[in-house]
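Now for the letters of each chain:
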Amino acid sequence: MTLTPEWLRRITNWHKVLSELFYRPLGVVSLQGFTTLEQLKAGEALAALFHPMPPGTPWGAKWEYGWFKGSLTLPAQAAGERVVLRLATGAESLVWIDGRASGARDTRHAELTLALEGVPGTRYTILAESYAGHGAITVGGDPAPHGVETVPEPGSTQRIVGETTFGIWDETLYQLWLDVTTLLELREHLDLQALRVAEIDRALQDVTLIVDLELPRDELLEVVRAGRGRLAPVLACINGSTAPVLTAFGHAHLDVAWLWPLQETERKMARTIANQLALLEAYPEYIFLQSQPHLYTMLEKQYPALYARFQEKVRTGQIVAEGATWVEPDTNITGGESLIRQFLHGKRFFRERFGIESVLLWLPDVFGYSGALPQIMRGCGVPYFATQKIMWAYGGGDRFPYNEFIWEGIDGSEVIAHICHGYGYPTSPAHLIRAWRERAQSMGPVGLMLPFGYGDGGGGPTRDHLEFARRARDLEGAPCVRMASPRAFFEDLEARGGPQARYVGELYFQAHRGTYTSQARTKLGNRRSEIALREAELWAVAARALSGYDLPRDRLEQAWVAVLLNQFHDILPGSSIARVYEEAERAYAEVIATATAIRSEAESALVTEDEALTIFNSLSWPRTVLAPLPAGYRGARNAAGEACLSQMCEGETWVETEAPPCGWTTLVLDAAPSQPCIGQNLLRVGPGYVENAYLRAEFNEAGELCSYIDKESGRELCAAPGNVFKLFKDVPGWFDAWDIDSMYRETPVPLDREAKVEVGLEGPLVVSLRVTRTLHDSPMTQEIRLRRGSRRLEFVTTIDWRERHKLLKVAFPVTVHANEAIHEIQYGHVRRPTHHSRRFDADRFEVCQHKWTALAEEGRGVAILNDSKYGISVLGHTLELTLLKSAMAPDMRADLGKQQFTYALVAWNGSFFESPVVAEGYDLNVPVAVALGAAGARSL
């Protein structure tokens, strides 16, 4: 070590003082303003009434925006100087200078350049739009650079106008600070006995002797130039031939919604792009990646002039329009068809708007990656995948082993994958060296992808990032920095022969397991919207082909875009503020209403006006279905003239009939009920049991399943009581709505087992038991249903959820032994361990499923089905479906109130391949549709 503690202290203190000398105020800008909840454009705002808002003025209610204006004239001292504005409205702000959106003030971007060479007498008008916030939780961060006071995050409850000033930005001093910072960080990460460090230290000692920071300004600038000259030789030293190369590009990861609503995202996008356009003009080598077409549409709609400038930079290649999907979606919960639509809409946008064929799936912040993704990507023409989140094992999990690898999906499809080191990494030497040293693979990669810039709430890179990147192009002792696009990185990787490592199956994220369950109503809305749109499209296309129905493309497109938007990885997983979910639930209701209307229109085009009822089955296998009859009818006959079995249920008459695969059948309505002979398929129900030809289920006084007999084999399938509710205290150590910590089982919450179990439905079609009990503070009613001829035992559940920081599961221990459970995902299934033999096995204590999870032996098995529940744990022979999770941050009232859902148990004999599990999962989720009128019988 060449620097003594005394010298190191001198250099450090000198460096800190230097950072405080860049800005010299020239004057104060007096602000006028007003506040509003309306979404205004700049011209509309200027037409409003402004009033004085001097420093110290409080402003801003929840969700409110403040508009501010002022003006300034450059004095004589500004001649030839770089002049900047320091706006202080107290909040993040988009700033128009002389009518042009020129930049933004946020936590990282403190100054806006007014002139590179000031001209005295020049007058500037300032207009700013600032967001007051909404009292949500705040997001911490590192201190802002150069000692600048930060703007409060949008979680603050009060805004105070500060003093807005304009002044000289001393570029010479700033450049010296960058030089010194570069060398200080570099020496800290090299061998302190190396000659390189000795040369750097000698130069740093000398520069503090050359540059007396207390000199008058004219003399100071002279010595600063001399000081930079002393540092130039050590900054000019270059690497040898084996230095790693980091492919760098700017990025501003912007959550489409999170701790702010969609309306604020529009502003965040504008603020981000305004700042980045200014940097792109100043740094011609700079490349900036902008993903998520939905953000493009926000900018285009709200800020068309800014979007026009943005478009031009896309055309010149400085802005890289890439990412492949409409938003950066969750890939655990989102359905397979929806994932394909994400690619179709995203790729189509880039192609039609910019002539760009998107080849990269860019998902830096998503909470795990489905094993079906490689298949979907390949089918959509997307060969490259990048993320960084999978490395974020903050709970101490088994670290992911690769940076670059061939990712093989469940069907054998392959894509090239790269794990970045963060999605907003700084570019100073300390961070570059750390990025390389902390790579997962010591052998193989010769470089990494380096997205840089501040994110989550947008923002992106600052001048610091770009200046450090210039100094690190080929700086001895640090990785080389090459400014290039992600596509260029992957093409270079392929040219070198591609990755040698291979990873098969899902990329399981060892955190954020609570996102499979949080915000249950939104997850239910997503499931039902996906199914409703499938129904609408299928029958609309059939009606178009057969009856000339006019396919409502625009309505379907709008509905799909609403679904795709809400699959963003902080909306659908349940990790946003309350307003986001209020808006999402309204959007889902509109989607379902639109899809239902289109389906009804299409079905009406296929039927005549006869006194009949047509049953539509969209699934590709025949189904025995129950259908409600119109009021006034008590019976029906099928296409063969046979009487349908009927039953009165809750004021409606239900009839049973056979529906052909992907088709329909017509029933002739009858005012009188009919009761044909049904042989041995009689249903039985009594106090504590239900039974049909296939199974007998017995329940105890708490409504728990104490016996589950498969009558075909005579086997008892209950290893212990099932349908057992388990409640746990759930206070994650870090991210409330996101996480379920592994020790949650150590904090069980006792439940009163007192319940009322009584017979519900009785009849030839369906029987039920009704269970009424309270789960801690939450009243629950459950109808346990069994149909004739069915292997599916359904638990139709309604809970008035009143819990905070509690996790609710329902457990079914079964007499099936399997070392792996089978879980449905998009277009297939994955097998995961039912034991904790190794660390990675234990880390998967909560996993994601879609419609079912099964335990299977060679000749039998049991599955649990669901209509909206995605989280599940399987340990040993016990299936535990996760029902509700009542986080308090970022939504303090998450999931409180009425919750309705259905889960079901299915047992079978024979191989899993021949089992009814897949069909039963669809049957539970996809009801038949009915239309008045006749259409005969047909299968498509």
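Residues numbered from 1 in each chain as written. Predicted model: local features only at pLDDT ≥ 70, side-chain atom pairs only at ≥ 80, totals over all residues. Heavy atoms only, no water.

J.: Whenever I open this one, the overall build of the protein chain confuses me. Can you help?
T.: Assigned secondary structure in the protein chain consists of 18 helices and 50 strands. Relative to the 2.2 N^0.38 estimate, which gives 30 Å for 940 residues, the radius of gyration of the protein chain is 32 Å and therefore close to what a compact globule would have. Across its three principal axes, the protein chain shows a C-alpha extent of roughly 110 × 65 × 55 Å. Here the protein chain, with 940 residues, has 61% of them falling under the buried criterion. A separation of at least 24 residues holds for 75% of the contacts in the protein chain among residues at least 6 apart in sequence. Counting every atom, the protein chain has about 35300 Å² of accessible surface; 51% of that belongs to carbon and sulfur. (Helix = DSSP H or I, 4+ residues; strand = E, 2+ residues; numbered from the N terminus. Rg over C-alpha atoms; globule rule 2.2 N^0.38 Å. Buried < 20%, exposed > 50% of the residue type's maximum accessible area, 1.4 Å probe, protein only. Contact = heavy atoms within 4.5 Å. Areas by Shrake-Rupley, 256 points an atom, 1.4 Å probe, with all protein chains shown as cover.)

J.: Please explain the packing of helix H1 (residues 5-19) against helix H3 (residues 171-188) as it appears in this structure.
T.: The geometry of H1 relative to H3 is characterised by a closest axis approach of 10 Å and an angle of 145° between their N-to-C directions. In the crossing of H1 with H3, the sense of the turn from one axis to the other is left-handed. In this structure, H1 contributes Leu8, Ile11, Trp14, His15, Leu18 and Ser19 to the contact, and H3 contributes Leu173, Leu176, Trp177, Val180, Thr181, Leu184 and Arg187. Grouping the amino acids of the contact of H1 with H3 by side-chain chemistry returns nine nonpolar, three polar and one charged. (Axes fitted to C-alpha atoms, helices over the stretch in contact; angles between N-to-C directions. Left-handed = near helix turned anticlockwise from the far one by under 90°. Nonpolar A, V, L, I, M, F, W, Y, C, P; charged D, E, K, R; others polar.)

J.: Got a minute to help me understand the environment of Ile97 in this structure?
T.: Position of Ile97 among the secondary structure elements: in strand S7 (residues 93-97). Other than its neighbours up to four places away in sequence, Ile97 contacts Ser102, Leu112, Thr113, Leu114, Tyr124, Thr125 and Ile126.

J.: Whenever I open this one, the sheet that holds strand S33 (residues 715-716) confuses me. Can you help?
T.: Remark on secondary structure: sheet strands pair via backbone hydrogen bonds, oriented parallel or antiparallel. As summarised here, the arrangement of the five strands in space is S29-S30-S31-S32-S33, forming an open sheet in which the pairing is antiparallel. For this open sheet the edge positions go to strand S29 (684-686) and S33, each flanked by a neighbour on one side alone. Sheet analysis places strand S31 (residues 695-699) next to strand S32 (residues 705-710), joined by five bridges and oriented antiparallel. Within the sheet, the bridge partner assigned to Arg696 lies in S32 and is Ile709. (Pairing = 2+ DSSP bridges.)

J.: It is not clear to me how the environment of Leu855 should be interpreted in this structure. Could you clarify?
T.: By the element assignment, Leu855 lies in strand S44 (residues 852-856). On the accessibility criterion, Leu855 (0% relative accessible area) is buried. Placed 36 residues apart in sequence, Leu855 and Asn819 show a C-alpha to C-alpha distance of 8.7 Å.

J.: Got a minute to help me understand the pattern of salt bridges in this structure?
T.: Charged atoms that come close allow side chains of opposite charge to pair. Across all of its chains, the model carries 63 salt bridges by this definition. Here Arg791 makes a salt bridge to Asp710, at a shortest N to O gap of 3.2 Å. On the criterion of sequence distance, the pair formed by Arg791 in the loop between strand S38 (778-787) and strand S39 (792-801) and Asp710 in strand S32 is long-range, its members being 81 residues apart. Take Asp710: its relative accessible area is 3%, and that puts it in the buried class. Overlapping salt bridges bring together Arg82, Glu171, Asp179, Arg228, Arg463, Glu467 and Arg471 as one network. (Salt bridge = Lys/Arg side-chain N within 4 Å of Asp/Glu carboxyl O.)

J.: In this structure, what is going on with the sheet that holds strand S12 (residues 164-169)? I would like to understand it.
T.: The sheet built from four strands is open, its strands ordered S1-S12-S6-S9 with antiparallel pairing. Looking along the sheet, the strands with just one partner apiece sit at the ends: strand S1 (23-29) and strand S9 (112-115). Ignoring strand direction, the axes of neighbouring strands in this sheet form an average angle of 35°. Judged from the three bridges that link them, strand S6 (residues 83-86) and S9 form a sheet pairing that is antiparallel. Paired with Val83 across the bridge in S9 is Ala115.

J.: Which parts of the structure should I look at to understand the environment of Lys726?
T.: Relative to the helices and strands, Lys726 resides in strand S34 (residues 724-729). On the basis of relative accessibility, which here comes to 29%, the residue Lys726 falls in the partly exposed class. Sequence separation between Lys726 and Arg745 is 19 residues, and the spatial gap between their C-alpha atoms is 9.6 Å. For Lys726, the contacting residues outside a window of four places in its chain are Leu751, Leu807, Leu808, Lys809, Ala811 and Glu880.

J.: Help me understand the nonpolar core in this model?
T.: Soluble globular proteins tend to pack their nonpolar side chains together in the buried interior. Membership of the largest hydrophobic core comes to 182 residues, with the highest contact counts inside it found for Phe385, Tyr708 and Leu793. Looking at this core element by element, the count peaks at nine residues for helix H16 (residues 578-606). If we ignore the near neighbours within four places in the chain, the residues touching Phe385 are Leu360, Leu361, Leu363, Tyr369, Met377, Trp407, Val415, Ile416, Ala417, His418, Phe490 and Leu507. Listed in part, the 35 residues of the second largest apolar core include Trp14, Tyr174, Leu190 and Leu231. (Core = buried A, V, L, I, M, F, W, Y, C linked by side-chain atoms within 4.5 Å.)

J.: Just to check I follow, could you spell out the pairing of strand S13 (residues 245-251) for this structure?
T.: Working note: regular strand, side chains alternate between the two faces of the sheet. Where burial is concerned, most of S13 is hidden: six out of the seven residues are buried. Bridge analysis of S13 against strand S14 (residues 288-290) gives two bridges, and the strand direction is parallel. Along S14, the bridge assignment pairs Gly250 with Phe288.

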